[in-house]
Amino acid sequence: MLNINKVTLYSHAWNEMRNFYVDVLGFELLSQTVDGFEIKAGESVLEIKKYHHKEKPFYHFAMNIPTNLFASAKAWAKSKVELTREEDDDEVYFSFLDAQSFYFLDPSGNIVEFKSRYSVSPESAAESFSAQSVLCISEINITTDEVRALGNRLISNGVPVRNGEAIREDGLNFMGEHEAGSFLLLGPRKRRWIFSDKESETFPLSLVINQHLYISLDGEGFMELKKVE
């Protein structure tokens, strides 16, 4: 089972990101330093660190939300931020995932997705949605020119391609098991992210999955994997 415990991303708009996630959206602030901050995203932690170079990093990540609060979550989000659209729609149902999503951009230009996975995510006892309703970070992109090589390294470290599919060098690979409801989105540069006009690019990031595997990607798309205690 793939569980994303922590994701560390970089931002050129650090102060705006902190205000957005903590003050506007209402996520719990876990820690803050002069160089970054961490928020609680359900069972996951999202860390945003200052980026000290000229580029403006952006990523795509998804958060799972309770299956019975999709409409409430969408109304909550629309009261705080403008939802992005694809062919005039501001939500989408993925039949192959049995999941429904909506999207928005944060101050760094990240493509943020809130997703109800009807076959795997639980319902909530709450009647209305808040940031504390988020279940976990369920997707994060890994963008590289070495898709096959990195995919094989992930497979050898216990992260399979969904449904045993073959690795596609020219497309998006869902690394993880469908039953867990979380995936690493492995793909090449220059893919357009749906519900945006942005094309996938490589920027540094790091994450911890399954409590013991540390994965980091540098700005050139090279990946380091190591076991952590």
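Description of the structure in this document. (Residues numbered from 1 in each chain as written. Predicted model: local features only at pLDDT ≥ 70, side-chain atom pairs only at ≥ 80, totals over all residues. Heavy atoms only, no water.)

## Regarding the pattern of salt bridges
As enumerated under the stated definition, the model contains 17 salt bridges in all. Of the charged contacts in the structure, one is a salt bridge between Glu47 and Lys6, with a shortest N-O distance of 3.5 Å. Note that Glu47 is positioned in strand β4 (residues 44-50) and Lys6 in strand β1 (residues 4-11), a separation of 41 residues in sequence. Among the ionic contacts, a cluster of salt bridges with common partners joins Lys74, Lys78, Arg85, Asp90 and Glu91. (Salt bridge = Lys/Arg side-chain N within 4 Å of Asp/Glu carboxyl O. Helix = DSSP H or I, 4+ residues; strand = E, 2+ residues; numbered from the N terminus.)

## Quick notes on the environment of Phe20
Along the chain, Phe20 turns up in helix α1 (residues 14-24). Between the alpha carbons of Phe20 and Val81 there is a distance of 9.7 Å; along the sequence they are 61 residues apart. Not counting the four nearest positions on each side in its chain, Phe20 is found in contact with Leu25, Val81, Phe104, Leu105, Asp106 and Pro107. (Contact = heavy atoms within 4.5 Å.)

## Details of the sheet that holds β1
What the seven strands build is an open sheet, ordered β2-β3-β4-β1-β12-β13-β14; its pairing is mixed. Edge positions in the sheet fall to β2 (28-32) and β14 (223-227), since each has one partner strand and no second. Strand-to-strand twist in this sheet, taken as the mean axis angle between neighbours without regard to direction, amounts to 15°. In terms of strand pairing, strand β3 (residues 36-41) meets β4 through six bridges, oriented antiparallel. In the sheet register, Gly36 faces β4, and the bridge partner there is Lys49. Together, β1, β2, β3 and β4 form the strand contacts of α1, whose direction differs from that of β3 by roughly 25°. Strands β13 (213-217) and β14 of the sheet are contacted by helix α3 (residues 147-156), whose axis makes an angle of about 5° with β14. (Pairing = 2+ DSSP bridges. Axes fitted to C-alpha atoms, helices over the stretch in contact; angles between N-to-C directions.)

## Overview of the environment of Pro122
By secondary structure assignment, the location of Pro122 is in the loop between β8 (111-117) and β9 (136-143). Between the C-alpha atom of Pro122 and that of Leu135, which follows or precedes it by 13 residues, the distance is 8.8 Å.

## Describing the sheet that holds β9
Spatially, β6-β7-β8-β5-β9-β11-β10 is the arrangement adopted by the seven strands of the open sheet, whose pairing is mixed. What marks the edges here is a single partner per strand, and that holds for β6 (92-94) and β10 (173-175). Strand after strand, the sheet turns through a mean of 25° between neighbouring axes, direction not considered. Bridge count between strand β7 (residues 99-105) and β8: seven bridges; the pairing is antiparallel. If you follow Phe104 over to β8, its bridge partner there is Val112. With respect to the sheet, α3 is in contact with β9, β10 and β11 (183-187), its orientation differing from that of β11 by roughly 155°.

## Examining the pairing of β3
By the criterion of burial, β3 is predominantly enclosed, with five of the six residues buried. Pairing analysis gives four bridges linking β2 to β3, with the strands arranged antiparallel. Bridge assignment links Leu29 to a residue of β3, and that residue is Ile39. Between β2 and β3, which pair antiparallel one after the other, the connecting turn spans three residues. Between β3 and the antiparallel strand that follows it, β4, lie two residues; Gly42 among them carries a positive phi value of about 65°. (Buried < 20%, exposed > 50% of the residue type's maximum accessible area, 1.4 Å probe, protein only.)

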